[in-house]
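Examination of the molecular architecture
The chain contents come next:
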Amino acid sequence: MSKQKEIVMSGLRPTGYLHLGNYFGAMKNYVKMQDEYECFFMVADWHSLTTHPDTKELKANVRRVFAENIACGLDPEKVAFYCQSHVYETAELYLYLNMMAYKGELEKTTTFKDKVRAHPDNVNAGLLTYPVLMAADILLFRASYVPVGKDQEQHLEMARNFANRFNHRYGDVFPEPSAFNFGGELIKVPSLDGTGKMSKSENQNATIYLADDDEVIRKKVMKAKTDAGPTEPNSTKPDYIENIFQLMRLVSTPDTIQKFEDDFNSCVIRYGDMKKQLGEDIAKFVAPIREKAKAIEHDDAYLKDVMLKGAEKARISARKTIELTREAMGLNYF
């Protein structure tokens, strides 16, 4: 990886199946980024423990996230694609940053308050210091850019604060990371029921997962919310109808999209036909990703090699950062 390239860092928690929203909202951009930036992409197993302490399914989940990302086009030869717990330096930097994180600011984070409401019987210290661990993930590679969703912007701002505090107290070691701006390419994929976006773990019947088989995809799409159709030419589409068109724009041919646009505008659209076509087009899009991911997931030797090589790439950079951190803090005693 070129030393001149700017550094990008991002992570995915292995707490659910990847879906079309992950692909078009993140993975497609990650694949583009791997040729233009020095990329560190992480499967965040430690983060998952804050809300999923039962680890019986963790190994399978981690393997699936690796397999699905590679099936989507992420190239382990071009990026450092690693498991969070395999880069031990993360824990050391997490400890140092915890000394500069204050209870009051951590308790005010929106995600902490949301998680407390969702998991009232599991309000653990890891949940409270989640933003500190996220900051350690990012700062460990002295990343310039972090692709984040709206719900993570506050955490990124905290990472910037921790970098600033460290630099002010001990000397300049960490750049302040910025949100990666995808510009006009940022896509939010709507759920099939028109109530929000697709989710890894919620509203599963309205989400198309990359592991869904063809028949499951067809059935989910046929259940998408529609109505009797427009009664006046060139009407404004209701949100839930626009959602179906938006999904079609992602996976269907321009001719197919135009046909249903024309049918809508002339008040002759048959939503059953549209959903049938959309189901076929999504199934055709997902099938090669699903089959490739399945093959990778069952290739023990290949996955082990990817994880070991990814961790070693990540640790080369991580070790340099820890050396700089210890030196700045005066923790070198001989």
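Preceding block: the structure.
This report concerns the structure included in the present document. In this text, all values refer to a predicted model and were calculated from it rather than measured experimentally.

Moving on to the nonpolar core. Leu20, Phe66, Phe81, Ile208, Met274, Leu278 and Ile282 are the most contacted members of the largest nonpolar core, which has 58 residues in total. The biggest single contributor to this core is helix α13 (residues 271-297), with nine residues. Within the second largest apolar cluster, 38 residues are counted, among which are Leu93, Ala136, Ala143 and Val146.

What follows covers unusual backbone geometry. Trans peptide bonds make up the majority, and among non-glycine residues the majority have a negative phi. For Arg142, which is not a glycine, the phi torsion comes out positive at approximately 50°. One can find Arg142 in the loop between α8 (130-139) and β4 (145-146). For Arg142, a relative accessible area of 24% gives the class partly exposed. A positive phi angle, near 55°, is found at Asn234, a position not held by glycine. Its location among the elements puts Asn234 in the loop between α10 (214-222) and α11 (239-251).

Attention now goes to the packing of aromatic side chains. For the structure shown, the criterion picks out 14 aromatic pairs. Considering the side-chain rings of Phe24 and Phe285, the 5.4 Å spacing of their centres and the 25° angle between planes classify their relative orientation as stacked. One end of the pair, Phe24, is in helix α1 (residues 20-33); the other, Phe285, is in helix α13, with 261 residues separating them in the sequence. For Phe24, a relative accessible area of 3% puts it in the buried group. When its relative accessible area of 23% is taken as the criterion, Phe285 is described as partly exposed.

Attention now goes to the pairing of strand β1 (residues 7-12). Burial within β1 is extensive, with five of its six residues counted as buried. Of the strand pairs in this sheet, β1 and strand β2 (residues 38-43) are connected by six bridges, and their pairing is parallel. In the strand pairing of β2, Ile7 is matched with Glu38. Between β1 and its parallel partner β2, the chain crosses via α1, and the hand of that crossover is right-handed.

The subject of this paragraph is the pattern of salt bridges. This structure, assessed with the given rule, holds 23 salt bridges. Salt-bridge contacts for Asp214 lead to Arg290; the nearest nitrogen and oxygen are separated by 3.3 Å. Of this pair, Asp214 sits in helix α10 while Arg290 sits in helix α13; the two residues are 76 residues apart in sequence, bridging distant segments of the chain. For Asp214, a relative accessible area of 25% corresponds to the partly exposed category.

We now examine the environment of Asn69. Relative to the helices and strands, Asn69 is located in helix α3 (residues 58-71). Note: C-alpha distance between Asn69 and Lys5 (64 residues apart in sequence) is 22 Å. Discounting chain neighbours no more than four positions away, the residues touching Asn69 are Leu12, Leu18, Met27, Leu74 and Phe81.

Evaluated as defined, the whole model comprises one cavity of 30 Å³ or more. Lining the largest cavity are Ser10, Gly11, Leu12, Tyr30, Phe41, Met42, Val43, Val65, Asn69, Leu74 and Phe81. For the lining of the largest cavity, the residue count by class is eight nonpolar, three polar and no charged.

Conventions we followed
- Residues numbered from 1 in each chain as written.
- Predicted model: local features only at pLDDT ≥ 70, side-chain atom pairs only at ≥ 80, totals over all residues.
- Heavy atoms only, no water.
- Core = buried A, V, L, I, M, F, W, Y, C linked by side-chain atoms within 4.5 Å.
- Buried < 20%, exposed > 50% of the residue type's maximum accessible area, 1.4 Å probe, protein only.
- Helix = DSSP H or I, 4+ residues; strand = E, 2+ residues; numbered from the N terminus.
- Phe/Tyr/Trp six-rings, centres within 6.5 Å; stacked < 30°, edge-to-face > 60°.
- Pairing = 2+ DSSP bridges.
- Right-handed = clockwise from strand over helix to strand, strands pointing away.
- Salt bridge = Lys/Arg side-chain N within 4 Å of Asp/Glu carboxyl O.
- Contact = heavy atoms within 4.5 Å.
- 1 Å grid on protein atoms, 1.4 Å probe; cavity = no way out; pocket = protein on both sides within 12 Å on 5 of 7 lines; lining within 4 Å.
- Points joined across faces, edges and corners; volume = space filled by probe spheres on them.
- Nonpolar A, V, L, I, M, F, W, Y, C, P; charged D, E, K, R; others polar.

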